[in-house]
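Tertiary structure, described
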Amino acid sequence: MSQTADPAFLLKSRGISRDLEAFVVAARFSRDGRRAGFALGDGTVWLAPVGSSTDWTQISVHDGAVLDFAADPTGHGFISGGDDGKLVRVAADGTGSTVGDFGAKWVEHVATYPLDNDKGLIAASAGKLVRLFDHAGRTLKELTHPSTVTGLVFDGKGKRIGASHYNGASLWFVAAKTDTPRKLEWKGSHTGILIHPEGDAVVTAMQENALHGWKLPDGQHMRMSGYPTKTASLSFSRNGKWMASSGADAMVLWPFFGGGPMGKAPLELAGGDGIICAQVACNPKEEIVAGGFADGLVVVADITSSRVLPVVPPDHGPISTLAWSPDGTKLAVGSETGFAAMIDFAKR
């Protein structure tokens, strides 16, 4: 697919966009799907009601940059981590409240998991430390790692927390009375982590342009290499059949079925022009994946048919974040130059 062609990009007919004038660190939808949040490198967060191009609200959240951003597990707002050492809840009405204070340490990674009755779990890392909070901000436990945590994720059932760090990853059981992690070891610098939706595999991004993985429970190693650049973004398809990754001049999807990914060739979508795919995001309801490229192009691809739809033209700087709404009908986009957009795939 040519990235210099001029097709009818969906942004024009089905999207709204704004220039937020700062690096978009992360875009997320609230759990209730009613608003998108765009977290910026200048420490502010923009709240954007779904479907509105005018009622966007800017809130000052951190004294410094936002470093990570997640949907509030209660369903209405967002949780933000910053380089001011604060973990902040941004409510739907734009008010902010401190969940945790890590002092001089940067809050680099945030993960959340929703539970029943508007409850949930919040995890945040600063340096080697991960703190686990309940939905009300009460500290449940502190988990210390051998080196700085570089990625943080809950498994699909909210029973375990996975953290990547130097020489591997650690898996912790949330409800364990004795906090002893399962250590997944592999020498080198691991820079991000993802857990398979069924909980039977863990994958980390590596510093040397490769992915490493472990099959659970036997611990069998997996190695996925051949990337021209580092992989910054990983995403499993809704049923875990495919794992999409950035870091090549296409969206690279590894098969996690039929004995894969080892011994299986990956599927490559929307590539061929030598421009690196910077971000990927699998749709939560359909076998569809979105990809954002270093020239600003955003596409959506049907994994089954390999059909590719152009969404955003390559005019807005490198794509830094992509996120689907919980119902899979809307896509939020952000770029390094401050471009932000929402595209509605259900719009008629």
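Now for a description of the structure that goes with this document. The model shown is predicted, which means the values in this text are computed figures rather than measured ones.

A short note on the overall build of the chain
Per the secondary structure count, the chain includes one helix and 30 strands. Over its C-alpha atoms, taken along the principal directions, the chain stretches across nearly 55 × 50 × 35 Å. Put simply, the chain has 348 residues, and 55% of those count as buried. For the chain, the exposed area adds up to about 14,400 Å²; of that, 48% sits on carbon and sulfur atoms. With 33 positive and 36 negative side-chain charges, the chain shows a separation of 7 Å between the mean positions of the two kinds.

A few points about the sheet that holds strand β21 (residues 242-245)
Strand order in this open sheet of four strands is β20-β21-β22-β23, and the pairing throughout is antiparallel. Unpaired on one side and paired on the other, β20 (234-236) and β23 (267-269) mark the two borders of the sheet. Ignoring which end each strand starts from, the neighbouring axes of this sheet average 25 degrees apart. Here strand β22 (residues 251-255) pairs with β23 via three bridges, running antiparallel. Opposite methionine 251, over in β23, you have leucine 269 as the bridge partner.

Describing the sheet that holds strand β4 (residues 44-49)
As summarised here, the arrangement of the four strands in space is β2-β3-β4-β5, forming an open sheet in which the pairing is antiparallel. Edge positions in the sheet fall to β2 (24-29) and β5 (57-60), since each of these pairs with one other strand and no more. Within the sheet, the average angular offset between the axes of one strand and its neighbour, ignoring direction, is 20 degrees. Alignment of β4 against β5, held across four bridges, turns out to be antiparallel. Looking across to β5, one finds that valine 45 is bridged to isoleucine 59.

Thoughts on the pattern of salt bridges
Where charged atoms of side chains with opposite charge meet at close range, the side chains can pair. Counted by the stated rule, this structure contains nine salt bridges. One salt bridge connects aspartate 134 with arginine 138, and the closest N-O pair in it is separated by 2.7 Å. A salt bridge links lysine 141 to aspartate 179, with the nearest nitrogen and oxygen atoms 2.8 Å apart. Placement of lysine 141 in strand β13 (residues 139-144) and of aspartate 179 in the loop between β15 (160-173) and β16 (182-195) is noted, with a sequence separation of 38 residues between them. Residue classification places lysine 141 among the buried residues on the basis of a relative accessible area of 12%. Of the residues examined, aspartate 179 reaches a relative accessible area of 31% and is grouped as partly exposed.

Digging into the pairing of strand β6 (residues 66-71)
Burial analysis of β6 places five of its six residues in the buried class, the great majority of the element. Here β6 runs beside strand β7 (residues 78-82); their pairing, made up of five bridges, is antiparallel. Counterpart to aspartate 68 in the pairing with β7 is glycine 81. A loop of six residues connects β6 with β7, the two strands running antiparallel in sequence, and glycine 75 in this loop sits at a positive phi of about 105 degrees.

Each value, and the rule that gives it
- Residues numbered from 1 in each chain as written.
- Predicted model: local features only at pLDDT ≥ 70, side-chain atom pairs only at ≥ 80, totals over all residues.
- Heavy atoms only, no water.
- Helix = DSSP H or I, 4+ residues; strand = E, 2+ residues; numbered from the N terminus.
- Buried < 20%, exposed > 50% of the residue type's maximum accessible area, 1.4 Å probe, protein only.
- Areas by Shrake-Rupley, 256 points an atom, 1.4 Å probe, with all protein chains shown as cover.
- Lys, Arg positive; Asp, Glu negative; His and termini not counted.
- Charge placed at Lys NZ, Arg CZ, Asp CG, Glu CD.
- Pairing = 2+ DSSP bridges.
- Axes fitted to C-alpha atoms, helices over the stretch in contact; angles between N-to-C directions.
- Salt bridge = Lys/Arg side-chain N within 4 Å of Asp/Glu carboxyl O.

Any functional reading would require information that these geometric values do not contain.
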